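Residue-level structure breakdown
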Amino acid sequence: MEEASAEYAHLPRPVLPRVAPQELLLGQKALVTGASSGIGRAIAISLAHAGADVVVNYVADEDRAQELVEQIRALGVRALAIRADVGDETQVGEMFRRMIEELGTIDILVNNAGLQQDAPFHELTLAQWNKVLAVNLTGQFLCARAAVREFRRRGVRPNISCSAGKVICVSSVHEVIPWAGHVNYAASKGGVMLMMKSLAQEVAPYRIRVNSICPGAIRTPINMQVWETPKAYNELMKLIPYKRIGEPEEIGRAAVWLASDYADYVHGISLFVDGGMTLYPGFQTGG
Ligand code: NAD
């Protein structure tokens, strides 16, 4: 492998000014994949509230994507919607080409697009396996590769950010918690964990930061069956020490912090935002 650049090795520790919340990401260009619903939508809005211009990637629901673009523009930043299947190399290439043409560059990639196709393992089809891996893992690889190419080409602009770029992977508590009946999904998120950490190790010398956010149970369409009835919600609470479901905006706030220079020394981590789901609540009473 080519020797990593030592260009930034002698830069002093950055001294950060106090910044108003709406200016934390001022002038930065963000791409959020799968942003027309759920967590991606909330992240896109949160980044815009912090001053970033935002590309809303979507795959199917154009009306919802356009509606979000209007909502983001009303905050005084730029926004555009770009349709692309993140698992398709050509479409991802075209999405990045358009983003760079329209906004000049990319500073923040949020790899959020994801899906579940659940089945008992003995009934899991190759098509279900391939689809979940294609979107949840290959999609994150394709988008991260395109972003890293642009970060490396452009380098650090100190008036914009301490780093040349940020990749935030939306993983899951299931990158560490095994999940029966969802083997393809858990395998994809376990893959995201080591893709993220290996990439973080590789690109750190270029001042490119790579991290994951690992949500626990968040109220979105992907998991409606675990929160839409009181019975299901009560069952879910057995898994959450903090005794409430998470809201998409809480992931949005975590993304703003991770993308901002306030997190400039945070690199290669999985940030669990899960109300304690990863604390093995089954052992709360001594096991
Ligand atoms: P969601 O279904 O609302 O959002 C997923 C988005 O990804 C949708 O907008 C969907 O259209 C998009 N998408 C699917 N395939 C795509 C493709 N090929 N190309 C582009 N976009 C595509 O669900 P969500 O809960 O908001 O999920 C967002 C992310 O958060 C996912 O990666 C999911 O695994 C992760 N997550 C969610 C939870 C939760 O409790 N909701 C928990 C842990 C992790």
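Structure report, in brief.

1. Details of the sheet that holds strand β3 (residues 79-83)
If you walk across this open sheet you meet the seven strands as β3-β2-β1-β4-β5-β6-β7, and the pairing is parallel. At either margin of the open sheet sits one strand with a lone partner, and together these are β3 and β7 (270-273). Each neighbouring strand pair of the sheet contributes to a mean axis angle of 20°, computed without reference to strand direction. Across three bridges, the pairing between strand β1 (residues 29-32) and strand β4 (residues 108-111) is parallel. Bridge pairing in β4 places Leu 31 opposite Leu 109.

2. Concerning the packing of aromatic side chains
Scanning all chains against the criterion turns up one aromatic pair. The side chain of Arg 152 reaches across the aromatic face of Tyr 206, ending 4.1 Å from its centre. Against the face of Trp 227 rests Arg 219, its NZ or CZ located 5.7 Å from the ring centre.

3. As for the pattern of salt bridges
What the rule picks out here adds up to twelve salt bridges. Here Arg 157 makes a salt bridge to Asp 107, at a shortest N to O gap of 2.3 Å. Here Arg 157 is found in the loop between α4 (126-154) and β5 (165-170), whereas its partner Asp 107 is found in the loop between α3 (89-103) and β4, with 50 residues between them in sequence. We classify Asp 107 as buried; its relative accessible area is 2%.

About the cut-offs
- Residues numbered from 1 in each chain as written.
- Predicted model: local features only at pLDDT ≥ 70, side-chain atom pairs only at ≥ 80, totals over all residues.
- Heavy atoms only, no water.
- Pairing = 2+ DSSP bridges.
- Helix = DSSP H or I, 4+ residues; strand = E, 2+ residues; numbered from the N terminus.
- Axes fitted to C-alpha atoms, helices over the stretch in contact; angles between N-to-C directions.
- Phe/Tyr/Trp six-rings, centres within 6.5 Å; stacked < 30°, edge-to-face > 60°.
- Lys NZ or Arg CZ within 6 Å of the ring centre and 35° of its normal.
- Salt bridge = Lys/Arg side-chain N within 4 Å of Asp/Glu carboxyl O.
- Buried < 20%, exposed > 50% of the residue type's maximum accessible area, 1.4 Å probe, protein only.

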